[in-house]
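# Structure at a glance
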Amino acid sequence: MKLLDIHNLHAKIGEKPILRGINLTVNAGEVHAIMGPNGSGKSTLCQVLGGREGYEVTEGSVHFEGQDLLERSTEERATAGLLLGFQHPVEIPGVKNIYLLKEALNAQRAAQGLSEVDTFAFMKQVRELTKSMGMDDAFLHRGVNDGFSGGEKKRNEILQMLLLQPKLALLDETDSGLDIDALKIVSEGINRLRGSDRGIVLVTHYQRLLSYVEPDFVHILYQGRIIKSGDKSLALQLEAEGYQDILDAAS
Amino acid sequence: MTDRTASPTISDSQEIEHLVQREYKYGFTTDIEQEIIPPGLNEAVIRLISAKKNEPEFLLEWRLKAYRHWLTMTPPTWAHVHYPPIDYQALSYFAAPKSRENAPKSLDEVDPKLLETYAKLGIPLHERAALAGVAVDAVFDSVSVTTTFREKLAEAGVIFCSFSEAVHSHPEIIRQYLGTVVPASDNYYAALNSAVFSDGSFVFIPKGVRCPMELSTYFRINARNTGQFERTLIIAEEGAHVSYLEGCTAPQRDENQLHAAVVELITLDDATIKYSTVQNWYPGDEEGKGGIYNFVTKRGDARGARSKITWTQVEAGSAITWKYPSCILRGDDSVGEFYSVAVSNNYQQVDSGTKMIHLGKRTRSTIVSKSISAGRSQNSYRGLVHIAKSADDARNFTQCDALLIGDRNGAHTFPYIEAKNPSAQIEHEATTSKISDDQIFYLQSRGISEENATNMIVNGFCKDVFNELPMEFAVEAQALLAVSLEGSVG
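Quick caveat: nothing in here was measured; it's all calculated off a predicted structure.

Let's shift gears to the overall build of chain A. Tallying secondary structure elements over chain A gives nine helices and twelve strands in all. In chain A, buried positions account for 51% of the 251 residues. Only carbon and sulfur atoms are counted for the fraction: they give 47% of the accessible area of chain A, which is about 10,900 Å².

So, about the overall build of chain B. A count of helical and extended segments in chain B gives twelve helices and 19 strands. Expressed as a percentage of contacts within chain B between residues at least 6 apart in sequence, the contacts between residues at least 24 apart total 87%. Roughly 18,600 Å² of accessible area belongs to chain B as shown, and the carbon and sulfur atoms make up 50% of that amount.

All right, on to the sheet that holds strand E8 (residues 272-279) of chain B then. Residue and element names in this part refer to chain B. Taken together, eight strands build an open sheet; the order of strands is E3-E5-E8-E10-E13-E15-E17-E19 and the sheet is parallel. Every interior strand has two partners, whereas the edge strands, strand E3 (215-216) and strand E19 (425-434), have only one. Pairing geometry for E3 and strand E5 (residues 241-247), over two bridges, is parallel. From the neighbouring strand, Ser216 faces E5, where its bridge partner is Leu245. On the sheet, helix H11 (residues 450-466) packs against strand E10 (308-315), strand E13 (335-344), strand E15 (364-373) and strand E17 (395-404) and is oriented at approximately 155° with respect to E15.

Facing 30 residues of chain A, the contacting portion of chain B comprises 17 residues. Overall, the association of chain A and chain B removes approximately 2,000 Å² of surface from exposure, summing both partners, and the carbon and sulfur fraction of that is 65%. Summed over the shared surface of chain A and chain B, the number is two salt bridges. With its nearest N and O atoms 2.7 Å apart, the salt bridge here joins Arg446 of chain B to Glu157 of chain A. At the level of secondary structure, the elements contributing two or more residues to the side of chain A that touches chain B comprise helix H1 (42-50), helix H2 (74-80), strand E6 (82-85), strand E7 (92-96), helix H3 (97-111) and helix H5 (150-164) of chain A.

Notably, Glu65 of chain A is not glycine yet its phi reads approximately 50°, a positive angle. Relative to the helices and strands, Glu65 of chain A resides in the loop between strand E4 (55-64) and strand E5 (67-68).

Turning next to the nonpolar core. With 110 residues, the main nonpolar core has Ile190 of chain A together with Ile372 of chain B as its most contacted residues. Not counting the four nearest positions on each side in its chain, Ile372 of chain B is found in contact with Val341, Ala342, Val343, Ser344, Asn379, Leu403, Ile405, Val458, Phe461, Cys462, Leu481 and Leu485 of chain B. In terms of nonpolar packing, the next biggest core, distinct from the first, is built from 52 residues, Leu64, Ala191, Val196 and Tyr324 of chain B among them.

Attention now goes to the side chain of Ser377 of chain B. Residues and elements named next belong to chain B. Following the sequence through the fold, Ser377 ends up in the loop between E15 and strand E16 (378-387). A polar contact of 2.8 Å, which involves the side chain of Ser377, links it to the side chain of Ser344. Discounting residues that sit within four places of it in the chain, Ser377 has contacts with Ser344, Asn345, Asn346, Tyr347, Gln348, Asn409 and Gly410.

This next bit is on the packing of H5 of chain A against helix H6 (residues 180-193) of chain A. Residues and elements named next belong to chain A. Running from N to C, H5 and H6 cross one another at 15°; their axes reach a closest spacing of 10 Å. By the angle between their axes, H5 is roughly parallel relative to H6. The crossing of H5 and H6 is left-handed. For the pair H5 and H6, the contacting residues are Arg155, Ile158, Met161 and Leu162 in the first and Ala182, Ile185, Val186, Gly189, Ile190, Arg192 and Leu193 in the second. A per-class count over the contact of H5 with H6 returns eight nonpolar, one polar and two charged.

In this section: the sheet that holds E5 of chain A. All names here are of chain A. If you walk across this open sheet you meet the four strands as E2-E1-E4-E5, and the pairing is antiparallel. Of all the strands in the sheet, just strand E2 (16-27) and E5 have a single pairing partner and so form its edges. Where H1 meets the sheet, it contacts strand E1 (2-13), E2 and E4, and its direction lies at approximately 110° from that of E1.

It helps to recall that an α-helix has 3.6 residues per turn; residues three or four apart then point in one direction. Residue and element names in this part refer to chain A. Here H5 is 15 residues long and its end C-alpha atoms lie 22 Å apart, about the 21 Å a rise of 1.5 Å per residue gives. The element H5 is largely enclosed, with a buried count of 14 among its 15 residues. Gln165 occupies a position one or two residues after H5 and carries a positive phi of about 45°.

Residue and element names in this part refer to chain A. H5 packs onto H3 with a crossing angle of 35° between their chain directions and a minimal axis gap of 10 Å. Handedness of the H3/H5 crossing: right-handed. Contacts between H3 and H5 involve Asn97, Leu100, Leu101, Ala104, Leu105 and Gln108 on the former and, on the latter, Asn156, Leu159, Gln160, Leu163 and Leu164.

Residues and elements named next belong to chain B. Under the counting rule described, the total for this entry stands at 23 aromatic pairs over all chains. Members of the aromatic cluster, joined through ring pairs, are Tyr67, Trp70, Trp78, Tyr83, Tyr88, Tyr188, Tyr189, Tyr293, Phe295, Trp322 and Tyr324. Lys370 extends its terminal NZ or CZ atom over the ring of Phe461, reaching a point 5.0 Å from the ring centre. Above the plane of the ring of Phe414 lies Arg382, whose end atom (NZ or CZ) is 4.5 Å from the centre.

Turning our eyes to something else, we now look at the pattern of salt bridges. All names here are of chain A. In this structure the tally under the stated criterion is 26 salt bridges over all chains. Its salt-bridge partner being Glu128, residue Lys124 comes within 3.6 Å of it at the nearest N-O pair. Of the two residues, Lys124 and Glu128 are both situated in helix H4 (residues 119-132); the distance of four residues between them amounts to about one turn of the helix. With its nearest N and O atoms 2.7 Å apart, the salt bridge here joins Lys232 to Glu214. Separated by 18 residues along the polypeptide, Lys232 in helix H8 (residues 232-241) and Glu214 in the loop between helix H7 (208-212) and strand E11 (217-222) bring together distant segments of the chain. Taking relative accessible area as the criterion, Lys232 reaches 40% and is therefore assigned partly exposed. Taking relative accessible area as the criterion, Glu214 reaches 38% and is therefore assigned partly exposed.

Secondary-structure assignment places Thr74 of chain B in the loop between helix H3 (57-71) and helix H4 (112-121). Along the primary structure Thr74 of chain B and Tyr189 of chain B are separated by 115 residues, whereas in three dimensions their C-alpha atoms are 9.6 Å apart.

This part is about H3 of chain B. Residues and elements named next belong to chain B. Helix length check: H3 (15 residues) gives 21 Å between terminal C-alpha atoms against 21 Å at 1.5 Å per residue, within 8%. Listing the buried residues of H3 in full gives Phe58, Leu59, Leu60, Trp62, Arg63, Leu64, Ala66, Tyr67 and Trp70. Looking at the buried residues of H3, the elements they touch are helix H2 (43-52), helix H7 (163-169), helix H8 (171-177), helix H9 (188-196) and strand E4 (231-236).

Residue and element names in this part refer to chain B. The predicted model of chain B has a mean per-residue pLDDT of 81, with 77% of residues at 70 or higher. Here residues 1-34 scores under 50 on pLDDT; set against residues more than four positions off or in separate chains, the count is 161 contacts. Note on residues 96-101: pLDDT is under 50 here. Beyond four places in sequence and across chains, it has 14 contacts.

Here the focus is the environment of Tyr55 of chain A. Residues and elements named next belong to chain A. Structurally, Tyr55 is set in strand E4. Each C-alpha atom, one on Tyr55 and one on Ile18, is 9.4 Å from the other, the two residues being 37 residues apart in sequence. Apart from residues no more than four positions distant in its own chain, Tyr55 is found in contact with Lys12, Ile13, Thr44, Gln47 and Val48.

Residue and element names in this part refer to chain B. Looking at the secondary structure, you find Pro85 in the loop between H3 and H4. Under the relative-accessibility criterion, Pro85 is labelled exposed at 79%. With ten residues separating them in the primary sequence, Pro85 and Pro75 have C-alpha atoms 9.1 Å apart.

Cut-offs used in this document
Counting starts from 1 at the beginning of each chain's written sequence and moves along it residue by residue. Naming scheme: in the order in which they are written, chains are lettered from A and ligands are numbered from 1. Thresholds applied to this predicted model are a pLDDT of at least 70 for local features of residues and 80 or more for the giving and counting of side-chain atom pairs; totals over whole chains, interfaces and linings are not thresholded and use all residues. In computing side-chain properties, one takes all heavy atoms of the structure into account and sets aside hydrogens as well as water. Only DSSP runs of H or I reaching four residues or more are called helices, and only runs of E reaching two or more are called strands; each is numbered from the N terminus. Exposure classes here rest on a 1.4 Å probe applied to the protein chains alone. A residue is buried below 20% of its type maximum, exposed above 50%, and partly exposed in between. Working definition of accessibility: Shrake-Rupley area with a 1.4 Å probe, residue cover restricted to the visible protein chains. The criterion used for residue contact is that any of the two residues' heavy atoms lie within 4.5 Å. Any two strands are treated as partners once DSSP identifies two or more bridges connecting them. All axes here are fitted lines through C-alpha atoms, helices being fitted over the stretch that makes contact, and every angle between N-to-C directions spans 0 to 180 degrees. Accessible area that two parts lose when put together, with a 1.4 Å probe and added across both, is what the buried area reports. Salt bridges are counted wherever a side-chain nitrogen of Lys or Arg sits within 4 Å of a carboxyl oxygen of Asp or Glu. Residues enter a nonpolar core if they are buried and are Ala, Val, Leu, Ile, Met, Phe, Trp, Tyr or Cys, with the set joined through side-chain atoms within 4.5 Å. Whenever a nitrogen or oxygen atom comes within 3.5 Å of another N or O atom, the pair is scored as a polar contact, on the condition that within protein one atom can donate a hydrogen and the other can accept it, and that pairs from neighbouring residues in sequence are kept only if both atoms are in side chains. An angle below 35 degrees is read as roughly parallel, one above 145 as roughly antiparallel, one from 65 to 115 as roughly perpendicular, and any other as oblique. Rotating anticlockwise by less than a right angle from the far helix to the near helix defines a left-handed crossing, while the corresponding clockwise rotation defines a right-handed one. Three classes are used: nonpolar for Ala, Val, Leu, Ile, Met, Phe, Trp, Tyr, Cys and Pro, charged for Asp, Glu, Lys and Arg, and polar for all others, with Gly counted as polar. Working rule for helices: expected span equals 1.5 Å times residues minus one. Any two of the Phe, Tyr and Trp rings considered here, Trp counted by its six-membered ring, make a pair once their centres fall within 6.5 Å; the pair's planes then place it as stacked at under 30 degrees, edge-to-face at over 60, or tilted in between. Lysine NZ or arginine CZ positioned within 6 Å of the ring centre and within 35 degrees of the ring normal marks a charge as sitting over the ring. Known as pLDDT, the predictor's confidence for each residue is given on a scale from 0 to 100.

Written out as structure tokens, the structure is:
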């Protein structure tokens, strides 16, 4: 089943074209990795799929479970089951983490026509997830990402993902800034989301995340287009040879 | 630096007016119901007001003295607010009961926008009609509730009634305390209020009594519609304790543009008064037309040792707010607290804050001020911490935080610190922040709407103050902020 279907996607910021004809299909059960040098359009792709203002789609289409994704608001995309994991999660002082988690879960439930989550069950689930992410309960009562280290922020992203159980997780450089222990915990978290009914898209610079979360497909994004796709061996090749050889070969 | 504000008022909601009119047969002011005093202010008008209220001689003299002093004064110009000069001779100083003829006959005739707001605030259906000024008989059935309430208070020895009533039932207490915290000559608006005040609340908690329930203007059924020049006096004797709630989250309209209230609080040894306000007077329209001028003097005198006065306010309404609920920490070891959230949107102007005057030894004060500015509003915090020579080992902690929504508004901070005693410890922290697009997008990407995202951030920002509010007020205050900031984002 097609979860995400991107067809000939073009997008620009201001007058500057960034995405120049992206084609990508993610089926349920698949893990894709998108790699590419700085400035290739990886983060732009994430922002466009997330519905960020300031990015203008000039051509092409994106469908999520067969529905037009681009005409939906950011929150509608989220409650429909698309989760964007941020490269730089923003700090929101004053808004408790636990409050965000509950609001987010209830927003999703409301979109599904379900009643608000039972607080007791919710707390139990959240505490288990927190523990599994190697985080202290105190995190739940701090402001969202407020004063968190880089690694703590990324773990917090995965914690949210595991609670919300998105159909498609789009993780933008979730591995950046992690030490090896944190990388393992984050990878385990991502692997727990894997399932026959879900898709995961990992946007990363490095192979090292992919040794923990093995992708089914690897794509190389360059100058706003996917110039090469392959299986996980492509990431290894990239690691060994660098971008230049692959770019030369592709052109 | 930057930040904050507040504004004020007190007021009975119009539902009280309904009840009042029904209960009026008990009032000594019944005879003036049909009377109209023409606009303008002079000694004859003040004599007339006093006579109509059948006041004792001392009170008339007090009013006249205030009036004569007021004539020598000029309106303050130091506040960071702008408005055309007020023609005091064009105002009416004894409001006749409002004509019901032009009132809406049913909710169908009420502005749907107003009704929508009531719904968002969770105002019960049967109260909406009263709040909107619908010309029906008193609509809510709290008379019996109120009666029970008053009986309970009487048992405890608490006196809670309208100011006018207290003038007759307890003139000696009024005489002893009136104007001892806010002297008639204190400032321009306080002097005006002292000369012409209409009515307000009177609370007396005798020695050692802990008031068995929170007192709310909601239950003050015997007070008249006193929005314009309200006067409130609360006295807590030795060891007494009371929590008083004023105002209401529902938007309140009033024909009187100028509101100049005075509130005086007095605590004797070991007494506590907690005074909470939610103010939502009409702020004017989106273009800045209309709206209430709220020029209020509120002050507490922690006269006794170890006594405590806490002001908590959520200020959302009024076109212009000029308000500085203050504490005179006279008793040794007395404590003053000020917790404030002031939100301004569109063209609202707020200049608010507090004064903590430390006179006694080891006196402590805390100021937490949160301002939220949206639209084209101007929001100023103005605060004074004064440590007198006599105040050994006094301490103050001040925190002023400003949150900006949009980029066309202003937040300002004017902190004044005067320490005359070298043992004083004073801390002042101030922050200014802005709700960023990144924060909103982050929350939206978790499925939360833009409006709710803004509310989450605003409520998080105000948490320290909301925590100080009585529970049901805190919930209402959150809803009020959401409504006040509607349309300010995006």
